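Survey of secondary and tertiary structure
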Amino acid sequence: MDLVMEIPSRAETGDTAALLRLTDRLYRVDSLDDVFGAALDAITELLGCERASILLFDDLGVMRFVAWRKLSDAYRQKVDGHTPWKPGERDVAPIFVSDIATTAEPDWLKQTLSNEGITGLGFVPLMAKGEVVGKFMTYFPEVHEFTSHERELAVAIARQVGFSLERYRADSARTATERRLRESEDRFRRMSEDAPIMIWISDSAGHCLHLNQMLRTFWGVTELEGFDWASTIHPDDQQAIGAAMAEAIRTRSSARVKGRYCRHDGVYRILETVARPNYADDGRFDGMIGVNVDVTEREEADQHKQLLINELNHRVKNTLAVVQSVARQSFKGDASIDAKVKSFEGRLSALAQTHNLLAAESWQSASLEEVVRQSVNGDADVRIRIAGPRVQLEPKQAVTTAMALHELYTNAVKHGALRSTDGTIDFTWQTTDEPGQWLTMRWQETCREPIQKPTRRGFGSTMIEKALGAEFNAEVEMNYLPEGLVCTVVARKPASLETR
Amino acid sequence: MSTVAGKRVLVLEDEFLLAMEAAETLEDLGVVVVGPAYRIDAAMALLATEQVDAALLDVNIGGMPSSVVADHLIARGVPVVFATGYGARADVVSGHVILDKPYTREQMRAALLQVLGYEKEPSR
């Protein structure tokens, strides 16, 4: 409805001016109270009533008084929540009552209105985005027949106020969103600043754009202008770190580097950096964002641990060398047991070499394949074919396996397949999920010359059958076939691996 | 006939039995043993007066690295065999031979021949 185009009677010209004033005031409001004030002024002026009120649905959907003129507290308390419409209802029409006494409304309401001195009244819905959000009321002490002009004016006021509410609500929602965003940014900035980790952001050329407090303190910089982080890298690490970061920027990929950086006090600290590419909202590559962790103590502890393990290994093997020397000296000059001393030396050497493998893995484990290769000297892949999946042995298992394989190997050299040049050996192993058959190892000799089953059980067979069997909780089978020895070891899964 | 016969070899080893063993083995090969020295300063003192063609050095002498002796020898072009319990990963100058402890007489002889520039012989 375009009120400016209405019939221009004098009174109506005044009404138009009043409506325009309302529009103007609503345009400049700062708060909801201003909206209500302007609305109540327009309602009382344009509809010629003294009393009026504005009610809005609250968060729970209950219609509540938010602004009023000349209504008693008692009245408002009584009728608070009363509404002909539900929140969010669409296509609702105003309701104009010339005399409440003639309606079918409940008696208590009629009585309440009567007590307040109200006879005629109008309910005009306030709409926002097409839905009822509240209403304004106009009250008359006498019977009041609402003219069609008054009805139109009421609707026009309601529409203006509705628009204003809609705009105000959108504004406050946006303001709230902005505030939340700002708070979130603040929170993250504080988090970054106070984090016990060094955080940085660089541009796509690798220049620092942001350093958090911990990193600024580390480098002792306050002004990023002209600060060259790369110059703080230890000269020996500069090339590697520079290349890794340049590559990460070039390929837009993550990087993990470790190196020594000069702290503000001139002390070099080992920092581990994890960096990832940083993209703007539009997908443009913005540079890198990363964190540095001071791992100096950890690195030193690792080095110290390795040093201790090396030292231990050195001492153990020195002792083995002394034992070997004692044996040699003890049996010196006794040619009859020369061969025995030699075989003792070989066994000691097998034991010592396994210590090397274990020391390399910090005494955690050793790979079965490496144990095998070491035990057969240079014969792996030549006369001895080795095949099997990756299996890590516990330290004790590794030692026993190496000792047993040494016996099998020397036995093959002296009496078995490796005695002649055409003999070969296959050493293979498989693993299964079956706990009773966790690991099956098979040593199979193949040679033309028939072998002979040894008549005497010595240290070798003890190592192979007893020690290996005990260490792996295994069934060990020695089969002296005409074409060569077949030794099969079926090991149960160790308890330490059961839960894995 | 061993090709190392007559060569002068410094032995530095802090474990008496091992030093004695090494010296005996070398003498059996016809080598003239310089030392054996049981301490780093003793080895340096020997080098001040004695000429050597090669050296057998334990890398760890009483908890100290023997690198000061090794550096002195390497600087003078004297080949070095490092005896070590650290295994093949021992931190020694590349190009020199590592003898992993415990070693057999044959392994020692092979290592010595190797550093003296002779063909490496089968060590088994």
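Refer to the structure printed above.
This text gives an overview of the structure that appears in the document.

A separate point is the overall build of chain A. A count of helical and extended segments in chain A gives 13 helices and 17 strands. By the compact-globule yardstick of 23 Å for 500 residues, chain A is too spread out, its C-alpha radius of gyration being 47 Å. With respect to the principal axes defined by its C-alpha atoms, chain A has extents near 140 × 60 × 40 Å. Looking at the 500 residues of chain A, the share that counts as buried comes to 43%. Contacts in chain A between residues far apart in sequence, at least 24 positions, make up 57% of those at least 6 positions apart. For chain A, the computed accessible surface area is about 27,400 Å², with 52% contributed by carbon and sulfur atoms. Averaged over its 61 positive side-chain charges, chain A has a centre that lies 8 Å from the centre of its 74 negative ones.

Below, the discussion takes up helix α9 (residues 338–360) of chain A. Along its 23 residues, α9 of chain A runs 33 Å from first to last C-alpha, staying within 8% of the 33 Å computed at 1.5 Å per residue. The first or second residue beyond α9 of chain A is serine 362 of chain A, which carries a positive phi of 55°.

Let us now look at the nonpolar core. All names here are of chain A. Grouped together as the largest cluster of nonpolar side chains are 42 residues, with contacts concentrated most on Leu368, Ile384, Trp429, Leu439, Met441, Trp443 and Phe472. Among the elements that take part in this core, helix α11 (residues 395–414) stands out by supplying 9 residues, more than any other. Grouped together as the second largest cluster of nonpolar side chains are 34 residues, Leu19, Cys49, Leu153 and Val161 included.

Before going further, it helps to examine the packing of α9 of chain A against α11 of chain A. Each packed pair of helices is defined by two parameters, the angle between the axes and the distance between the axes. All names here are of chain A. It is the contact of α9 with α11, at a shortest axis distance of 9 Å, that shows an interaxial angle of 145°. For the pair α9 and α11, the sense of crossing is right-handed. Contacts from Ser343, Gly346, Arg347, Ala350, Leu351, Thr354 and Leu358 of α9 reach α11 at Pro395, Ala398, Val399, Ala402, Met403, His406, Glu407 and Lys414. Each residue belonging to the contact of α9 with α11 can be placed in one class, and the counts come to 8 nonpolar, 4 polar and 3 charged.

One key point about sheets: their strands pair by backbone hydrogen bonds, in either a parallel or an antiparallel sense. All names here are of chain A. Here 5 strands make up an open sheet; going across it, the order is β12-β14-β15-β17-β16 and the pairing mixed. What marks the edges here is a single partner per strand, and that holds for β12 (384–387) and β16 (474–481). When strand polarity is set aside, the average angle formed by the axes of neighbouring strands in this sheet is 10°. Across 6 bridges, strand β15 (residues 439–446) lies against strand β17 (residues 484–491) in antiparallel orientation. Across the sheet, residue glutamine 444 finds its bridge partner in β17, namely valine 486. Here helix α10 (residues 368–375) sits on the sheet in contact with β12, β14 (424–431) and β15, set at roughly 165° to β14. Contacts from α11 reach β12, β14, β15 and β17, with the element oriented near 10° to β15.

What counts as what
Residues numbered from 1 in each chain as written. Chains lettered and ligands numbered in written order. Predicted model: local features only at pLDDT ≥ 70, side-chain atom pairs only at ≥ 80, totals over all residues. Heavy atoms only, no water. Helix = DSSP H or I, 4+ residues; strand = E, 2+ residues; numbered from the N terminus. Rg over C-alpha atoms; globule rule 2.2 N^0.38 Å. Buried < 20%, exposed > 50% of the residue type's maximum accessible area, 1.4 Å probe, protein only. Contact = heavy atoms within 4.5 Å. Areas by Shrake-Rupley, 256 points an atom, 1.4 Å probe, with all protein chains shown as cover. Lys, Arg positive; Asp, Glu negative; His and termini not counted. Charge placed at Lys NZ, Arg CZ, Asp CG, Glu CD. Expected span 1.5 Å × (residues − 1). Core = buried A, V, L, I, M, F, W, Y, C linked by side-chain atoms within 4.5 Å. Axes fitted to C-alpha atoms, helices over the stretch in contact; angles between N-to-C directions. Left-handed = near helix turned anticlockwise from the far one by under 90°. Nonpolar A, V, L, I, M, F, W, Y, C, P; charged D, E, K, R; others polar. Pairing = 2+ DSSP bridges.

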